[in-house]
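Now for the letters of each chain:
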Amino acid sequence: MNTKAIENERAALAQKVTRQPDGPGLRIGRKGEISGIGKVAPGGAQIFRERLPQLQAEAGYWEKRVGTVHDFRVMLLDNDTRIWFSIVFDGDFKPYIKDILTEASPWLDQIFVGVWDGFKGSNDPESVEKLLGCAVQADLFFVANPDVSVRDVAKMQRLSKAVNEMLDAAS
């Protein structure tokens, strides 16, 4: 079994992948990843689907409050018996978890209370530990821009808009 990558022109752009220094998940540059999989509570799939339109509508609000999330996904699997989440975020694991619990706990509770079996809410330390205990590390992780943070992206978007407005005014 080959446990080392073959050096060739396709591998020339390989990224340095490390483990998060303070929790589960992989890290490339400034970006970390975390995923988790758990059991759906009885009736949880229906609750999740009923909440889904509002959860989706408020996603931008809550994730902007956190300020470090590049992407976040939740889905039901295996005929609605399991629930999976996956997140790519800036920085270290523990500060990210603290930010989520501080800035987005009402949304987190809407997603998982009554849906993730045993999750009683973000104010219940045992529930949070149980949820985090279901975290798994990706086997393969790639990010297109490993050193660009969410704040950097927002700054570049503002700068691009300003430059475009200036160029439009000049023409």
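These lines cover the structure that appears in this document, whether it is placed above or below. (Residues numbered from 1 in each chain as written. Predicted model: local features only at pLDDT ≥ 70, side-chain atom pairs only at ≥ 80, totals over all residues. Heavy atoms only, no water.)

Remarks on the overall build of the protein
The number of helices and strands found in the protein is five helices and six strands. Secondary structure elements of the protein, listed N to C terminal, follow the sequence β-β-β-α-β-β-α-α-α-β-α. Taken along its principal axes, the extent of the C-alpha atoms in the protein is 60 × 55 × 30 Å. When each of the 171 residues of the protein is scored for burial, the buried share is 34%. Sequence separation of at least 24 residues holds for 67% of the intrachain contacts in the protein that already meet a minimum separation of 6. Carbon together with sulfur atoms contributes 55% to the accessible area of the protein, which is approximately 11,000 Å² in total. Separation between the mean location of the 22 positive side-chain charges and that of the 24 negative ones in the protein comes to 2 Å. (Helix = DSSP H or I, 4+ residues; strand = E, 2+ residues; numbered from the N terminus. Buried < 20%, exposed > 50% of the residue type's maximum accessible area, 1.4 Å probe, protein only. Contact = heavy atoms within 4.5 Å. Areas by Shrake-Rupley, 256 points an atom, 1.4 Å probe, with all protein chains shown as cover. Lys, Arg positive; Asp, Glu negative; His and termini not counted. Charge placed at Lys NZ, Arg CZ, Asp CG, Glu CD.)

Description of helix α4 (residues 125-133)
Within α4 the residues assigned to the buried category are Ser127, Val128 and Leu131. In an axial view of α4, the angular spread of the buried residues amounts to 100°, which keeps them on one side of the axis. Summarising the geometry of α4, the exposed residues directed more than 90 degrees from the buried face are Pro125, Glu126, Glu129 and Gly133. Looking at the buried side of α4, the elements it contacts are β5 (82-90), α2 (93-103), α3 (105-112) and β6 (135-136). (Arc of directions from axis to C-beta.)

Considerations on the side chain of Asp109
Looking at the secondary structure, you find Asp109 in helix α3. The side chain of Asp109 sits in the buried core without any salt bridge; Arg51 is the nearest counter-charge, 8.6 Å away. Residue contacts for Asp109: discarding those within four places in its chain leaves Arg51, Phe119, Gly121 and Ser122. (Salt bridge = Lys/Arg side-chain N within 4 Å of Asp/Glu carboxyl O.)

Focus: the nonpolar core
Grouped together as the largest cluster of nonpolar side chains are 29 residues, with contacts concentrated most on Tyr96 and Phe112. Elements represented by at least two residues in this core include exactly α1 (44-66), β4 (69-77), β5, α2, α3 and α4. With six residues, the single largest contributor to this core is α1. The next biggest cluster of nonpolar side chains, apart from the first, holds five residues, and it includes Leu26, Val88, Phe141 and Val143. (Core = buried A, V, L, I, M, F, W, Y, C linked by side-chain atoms within 4.5 Å.)

What to know about the pairing of β4
In terms of strand pairing, β4 meets β5 through eight bridges, oriented antiparallel. Counted as the bridge partner of Arg73 is Ser86 from β5. From the end of β4 to the start of β5, which pair antiparallel, there are four residues, and Asp78 there has a positive phi angle of about 50°. (Pairing = 2+ DSSP bridges.)

Focus on the pattern of salt bridges
Here the structure, examined in full by the defined rule, presents eight salt bridges. Note that Arg73 is salt-bridged to Asp71, the shortest N-O span being 3.4 Å. Judged by its relative accessible area of 39%, Arg73 is partly exposed.

Section: the environment of Arg82
With respect to the element layout, Arg82 can be found in strand β5. Only 2.6 Å separates the side chain of Arg82 from the side chain of Asp78, close enough to count as a polar contact. (Polar contact = N/O pair within 3.5 Å; in protein donor to acceptor, adjacent residues only side chain to side chain.)

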